[in-house]
Amino acid sequence: MAAYYLTVFSKTGEKLLDEQFEASNDLDAKEIGKGKLENEGYAEHTHRCVSPSAKLVLFHR
């Protein structure tokens, strides 16, 4: 398992969510990240999910 980071921003650049979670690979992390965004109501906000090696796994602007 590896640590992935999910960050959500407001239109002014303020961090609305900054969370770490674990996933076994990038595909799992993408699905977990999407689920967290849906649950928190942030799916349409600017967000990113990055892998431990700083690879973008999920991004929306």
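Criteria and thresholds
Residues numbered from 1 in each chain as written. Predicted model: local features only at pLDDT ≥ 70, side-chain atom pairs only at ≥ 80, totals over all residues. Heavy atoms only, no water. Phe/Tyr/Trp six-rings, centres within 6.5 Å; stacked < 30°, edge-to-face > 60°. Helix = DSSP H or I, 4+ residues; strand = E, 2+ residues; numbered from the N terminus. Buried < 20%, exposed > 50% of the residue type's maximum accessible area, 1.4 Å probe, protein only. Expected span 1.5 Å × (residues − 1). Arc of directions from axis to C-beta. Contact = heavy atoms within 4.5 Å. Salt bridge = Lys/Arg side-chain N within 4 Å of Asp/Glu carboxyl O.

Now for the packing of aromatic side chains. Per the counting criterion, the structure on display carries one aromatic pair. Taking 6.1 Å as the distance between ring centres and 20° as the angle between the ring planes, the aromatic pair formed by Tyr4 and Phe21 counts as stacked. Residue Tyr4 is found in strand S1 (residues 2-9), and its partner Phe21 is found in strand S2 (residues 15-23); the two are separated by 17 residues along the sequence. Accessibility assignment for this pair places Tyr4 and Phe21 in one class, buried.

Here helix H1 (residues 26-40) is 15 residues long and its end C-alpha atoms lie 21 Å apart, about the 21 Å a rise of 1.5 Å per residue gives. Buried residues of H1: Ala29, Gly33 and Leu37, and no others. When H1 is viewed along its axis, its buried side chains cluster within an angular range of 70° and face the same direction. Residues Leu27, Glu31, Glu38 and Asn39 are exposed on H1 and point more than 90 degrees away from its buried face. Where H1 is buried, its residues contact S1, S2, strand S3 (46-50) and strand S4 (56-60).

The subject of this paragraph is unusual backbone geometry. Positive phi, normally seen in glycine, also occurs at Ala54, with a value near 70°. Checked against the element boundaries, Ala54 lands in the loop between S3 and S4.

In this section: the pattern of salt bridges. When the charged atoms of two side chains lie near each other, side chains of opposite charge can form a pair. Counted under the stated rule, the structure contains three salt bridges. Taking the shortest distance from any N to any O, the salt bridge between Lys55 and Asp26 comes out at 3.1 Å. Of this pair, Lys55 sits in the loop between S3 and S4 while Asp26 sits in helix H1, placing them 29 residues apart in sequence. A relative accessible area of 47% places Lys55 in the partly exposed class. What makes Asp26 partly exposed here is its relative accessible area of 26%.

The analysis is restricted to geometry; functional conclusions fall outside its scope.
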